[in-house]
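Residue-level structure breakdown
Here are the chains, one letter per residue:
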Amino acid sequence: MKNKLLLTFGLLIFLSSTAFAQEERTIQGTVTDSEGKPLPGVNVLVKGTNIGTATNVEGHYEITISEENVTLIFSMVGFEQTEINTQDQSKIDVVLREGTVGLDEVTVVGYSEVDTEHLASSVSKVEMDNIQTRSIAKLQEAFSGTLPGVTLMQGSNLPGSVPGTISIRGISTLQNASPLVIVDGMEQSLTDIDPNQIKDITVLKDAASAAMYGSRGANGVIIIETKRGTADQFMVDVHSWAAVDDPIKLPDFVNSANYMRLNNEARSIQGQSEQFTQQEIDLAEQGEYINTDWMDTIMERKAYTHNTSASISGGGGVGTFNLMLGYIEENGLNNYEGTQKFSARFNTNINIADQFELLADFYAHRLQVDRLYANTDGHGLYRMAWEMNPTQEVFYNSDLDNHYKLHNDQNPLASIHEGGAWNALYDRSTINLRPRYYINDNLHLAGNVSYIVNKSADKYERDTFKFYDGDGEPVDVWQNAVGSSQGVSRSQITARALINYEQNLRKDKDKIYLIAGSEIMNNTYTDYREIAKSSFFGKLNYSFDNRYLLEGTARADGSSKFAPGQRWGFFPSGAFAWNIHNESFMSGLTDSGFLNRMKVRFSYGIIGNENVDPYLWQEVVNTWGWTMRVPNPDFTWEKQNQKNLGVDLTVLDNRLDVSFETYNKHSYDLIYSDFPVPPLTGSYYLTSSVNIGEVENKGWEVSASWSDQAGDFSYKVGGMLFNNENKVLKAGYAKSDTLIFTDDPDKIWYRGIAIDNYYGYESDGYFQNQQEVDEADAKLANTMPGDIRYVDQNGDGVINNQDKVNLGDPFPHFNYSVNIDLNYKRWDFSAVGQGVGKRTGRLKGLEGYPVKMDGSTNSLGTPRAYYMNNRWTPENPDSRFPRVWTGSSPNAELSDVWLSDASFFRIKTLEVGYSIPSIGNSIRNVRIYLNAQDAFTFTDWEGIEPERDEDYNGNGRYPRMASYSIGIQATIN
């Protein structure tokens, strides 16, 4: 392998040297704007090649070319691209004119670039200025309130965890609904990417844009380009920040006196003996009794985060390079838990003669996660603390060292200090090679070979620790434990071949873009699983007179995940757009500057989804010879057709920009991997993987921004509002079918409701006394005064599953955000607010109930003060919540009592910065900033965190955190 690498690099050096042996000449000049001011950072590229440079701080450039007459392309964001032929010239000064916002740019779509003005499909770009200047630890956080139609319900700030799931235009599958992420042409995870290494982020939202990815595009596509070096411009960019994290909201548990009162109250209602005496309650009221705040006990320190990244880039005639290094440390709320992540990315462009270019990218990261042996998921410690109550002591009052007191065989603080350590390593390495051969200015061939390998391992260690009772007698032993394991490794190899053609026609009135190619991908796991995919695709973009735009895409995908004969899917799409501003009858409005852009877009397409495990179509037999999974020879693709209509409008000299879209996504042949079937003889659990049901997501999106400048002051104000409605069209094989999920009794599908609906009882107040309970026929077992009265929907005098109804869905509706950017001389200020106008949340576990419903004693945990103040008592008959209870209770059933308004508005980001153009001759673009994230939340939500998914609520999770940071950025050259 080493010899092969040496031979390869030797060949590259030889070919490069032959390229330099050609006769060369130098072109130089200065690039300015229309006012004569020099423009630094303008890209200068030899058309049809990869040879280029950039202007320096004085706007000067110098580029070496072959003797032949070539064309130079001068481009910079915010200015019109200019092309100039070099024939008989050695000095070329260029004046760039300011361009219409968005029209002079190019957008990455599929495996190519298209002029933004020529796009007909729904594509959105993230404004990187607001991302690269912030202290973002995980890239997912950059998607909160930044793009219409894209939502991130941030569920966790746990170090080493994914903060939440991104969804693009709703959820329409039973399987993995995460969007596809492509980084420099390679499929990767958002968690892998350091935000400081990113150049551009593009989101493909409709079928016409995502169809180039066929089977992987049903949930949307996020395309990321990382930064590359610039020829003749050596520089070092540094970004470092440190943050202190603070819980947004912690549970407001009752104190020991109120806990005693509630415990006695529950036992009294249930006809049981009271546990605490009035004397004990009085002592607690006077502060002379145990009153343990278990949450405060386990949060031993302020959580903090530190991030430092550096980029070293430059290059010359042979090529360019960019070495990006990153280190991030996240520390949790106790003295042991935390993570460290080291990452390195090396991107290089190697020029081999004028027409051949090799883009070679190497990336590696190591994530080290340190957690407690008793809390390997990071949340268990907090669940344990929620299960305790304030009358329980942490330590015995004795002379013994570390004399912990066990309660239900647990003590959260003992778990931190005596419960042992668990450490895990997650490694990822990638190699990405992308050769390009430019046949001429309009045609080039491209390839892509990438290799990814993921590895993981963990170890744990715990020393022996003995627990003693109050008399010093041993009661339990945490025995010595040590071990390690190797995780399942995954390697992925992808090979792709492309042909790209781009040509101006009819004297530059028209333009055509054509790309075609093929791809193979293979995933291999060390547990002997293997997944293979193969694809053929093509895409055509045509701009007629820069007025009428056409897009057409076709892709065929084959996947080994499906049954033989069902493995291939065909996914076509098409789009049309009309640049109305380029019509002659609009010239009066455009010449006056009132109208700058007006585009109408329509698209339709079919894409697929195969985000499932392999081998699901096959039979599974357990070690006893019983069939556990019935084979399905018809198991095939999940499919989705999409319609999209959009309008883009820019007016008033590019100051006001407005966009509106409406869409309809119809998913069918949904994959249900665990569909229950009637058991065969000897089988107690039998399933099959089937294609069943149909789901619709339809919605709309509107966004607007206003920007202007007055002297040294410039500003931009923007906002967006979007909504998605989810509905089951067919739950089974027929429209009248009902699909019952055996693993979730609170979930059911039938036509007309949302896929993740709340399915439970409707309430009708509370039983006020024993007489009402006795006279009621329709009630659940063990009903008592203060319990929920459920509505007997069918009037049969019995409360059972037949009386459950659809109570709503947990999806966020009417999502909105506002953003403000202000700049005055060297000062800048930005603010982002994000909210949800309508959402129904479920109060689960101790967030709602007075006890943890653990299925046994149902007596663990401490009620929240909010529950205590709003519970039913004879003196408070019109209460928000039912009575306090222990043990089993009919109140624990899902009903509308436990649903609450989870809409919210949150100040996601507040940031102020100060920039220094230069310090000395080498340090420039120095910026110091203060940042606050998630600092203020406005909500009527009755639980702890309104932004969390239902799965994150209940009996204790790692707290959601607000972050306060200080950072510095600088460039050295």
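For the structure, check the block above.
Residues numbered from 1 in each chain as written. Predicted model: local features only at pLDDT ≥ 70, side-chain atom pairs only at ≥ 80, totals over all residues. Heavy atoms only, no water.

1. As for the nonpolar core
Our working rule: Think of a nonpolar core as a cluster: buried Ala, Val, Leu, Ile, Met, Phe, Trp, Tyr and Cys residues, connected wherever their side-chain atoms sit within 4.5 Å. Burial classes: relative accessible area under 20% of the type maximum marks a residue as buried, over 50% as exposed, and values in between as partly exposed (1.4 Å probe, protein chains only). Helix and strand labels come from DSSP, where a helix needs a run of H or I of at least four residues and a strand needs a run of E of at least two; each type is numbered from the N terminus. By definition in these notes, contact holds between two residues if any of their heavy atoms fall within 4.5 Å.
In terms of nonpolar packing, the biggest core is built from 30 residues, with V254, I788, Y790, I799, W885 and W898 touching the most fellow members. With five residues, the single largest contributor to this core is helix α4 (residues 256-269). Discounting residues that sit within four places of it in the chain, I799 has contacts with Y761, A778, K779, L780, Y790, V791 and D792. By size, the runner-up hydrophobic cluster in this structure holds 26 residues, among which are L158, M388, L413 and A414.

2. What to know about the pattern of salt bridges
Spelled out, the test is: Note on definitions: salt bridges are taken to be side-chain nitrogens of Lys or Arg within 4 Å of carboxyl oxygens of Asp or Glu.
The final tally for this structure, using the stated rule, is 46 salt bridges. The salt bridge involving E127 is made with K716; its shortest N-O contact spans 2.7 Å. One end of the pair, E127, is in the loop between β10 (123-125) and α2 (129-132); the other, K716, is in strand β40 (residues 713-730), and 589 residues separate them in sequence. With relative accessibility at 42%, the residue E127 sits in the partly exposed group. With a shortest N-O distance of 3.5 Å, R960 and D934 are connected by a salt bridge. Of the two residues, R960 is situated in the loop between β52 (923-939) and β53 (961-972) and D934 in strand β52; the sequence distance between them amounts to 26 residues. With a relative accessible area of 5%, D934 lands in the buried category. Through salt bridges with shared partners, a single ionic network connects R169, K205, R601, D648, E661 and E701.

3. Overview of the sheet that holds strand β16 (residues 221-226)
Strands pair in a sheet through their backbones, by hydrogen bonds, and they do so in one of two ways: parallel or antiparallel. This is how it is decided: Only strands that DSSP links by at least two bridges are regarded as paired with each other.
Strand order across the open sheet formed by five strands is β10-β15-β16-β13-β14, with mixed pairing between neighbours. Edge positions in the sheet fall to β10 and β14 (186-187), since each of these pairs with one other strand and no more. By the bridge criterion, three bridges tie β10 to strand β15 (residues 198-204) in an arrangement that is antiparallel. By the bridge assignment, K125 is partnered in β15 with T202.

4. Things to note about the packing of aromatic side chains
Applicable threshold: For Phe, Tyr and Trp, where Trp contributes only its six-membered ring, two rings pair if their centres lie within 6.5 Å, and the inter-plane angle classes them as stacked under 30 degrees, edge-to-face over 60, or tilted in between. Charge-over-ring contacts are defined here by two conditions on Lys NZ or Arg CZ: a distance within 6 Å of the ring centre and an angle within 35 degrees of the ring normal.
Applying the stated criterion to the full structure yields 34 aromatic pairs. Counting every residue linked through ring pairs, the aromatic cluster contains Y849, Y866, Y867, F881, W885 and W898. In this structure, R345 packs its charged tip against the face of Y363, placed 4.2 Å from the ring centre. Its end group placed over the ring of F904, R906 keeps NZ or CZ at 5.7 Å from the ring centre.

5. Comments concerning the environment of D796
Looking at the secondary structure, you find D796 in the loop between β45 (788-790) and β46 (805-808). With relative accessibility at 41%, the residue D796 sits in the partly exposed group. Measuring from C-alpha to C-alpha, the distance between D796 and D777 comes to 9.2 Å, with 19 residues separating the pair along the chain.

6. Some thoughts on the sheet that holds strand β2 (residues 43-46)
Worth spelling out the cut-off: To obtain an axis, a line is fitted to C-alpha atoms, over the contacting stretch when the element is a helix, and the angle between two such axes runs from 0 to 180 degrees between their N-to-C directions.
Reading across from one edge, β3-β2-β5-β6 is the order of the four strands in this open sheet, with antiparallel pairing throughout. Whereas interior strands pair on both sides, the edge strands pair on one side only; in this sheet they are β3 (52-54) and β6 (82-85). The sheet shows a mean angle of 20 degrees between the axes of neighbouring strands, direction not considered. Across four bridges, β2 lies against strand β5 (residues 71-75) in antiparallel orientation. Directly across from V44, in β5, lies its bridge partner F74.

7. What to know about the pairing of strand β13 (residues 180-183)
Neither face of β13 is left uncovered, since the one carrying L180 and I182 and the one carrying V181 and V183 both have all their residues buried. Relative to β16, β13 is paired through four bridges, and the arrangement is parallel. Looking at β16, one finds that I182 is bridged to I223. Of the strand pairs in this sheet, β13 and β14 are connected by two bridges, and their pairing is antiparallel. Counterpart to V183 in the pairing with β14 is M186. Counting the residues that bridge the hairpin from β13 to β14 gives two residues, and of these D184 lies at a positive phi of roughly 55 degrees.

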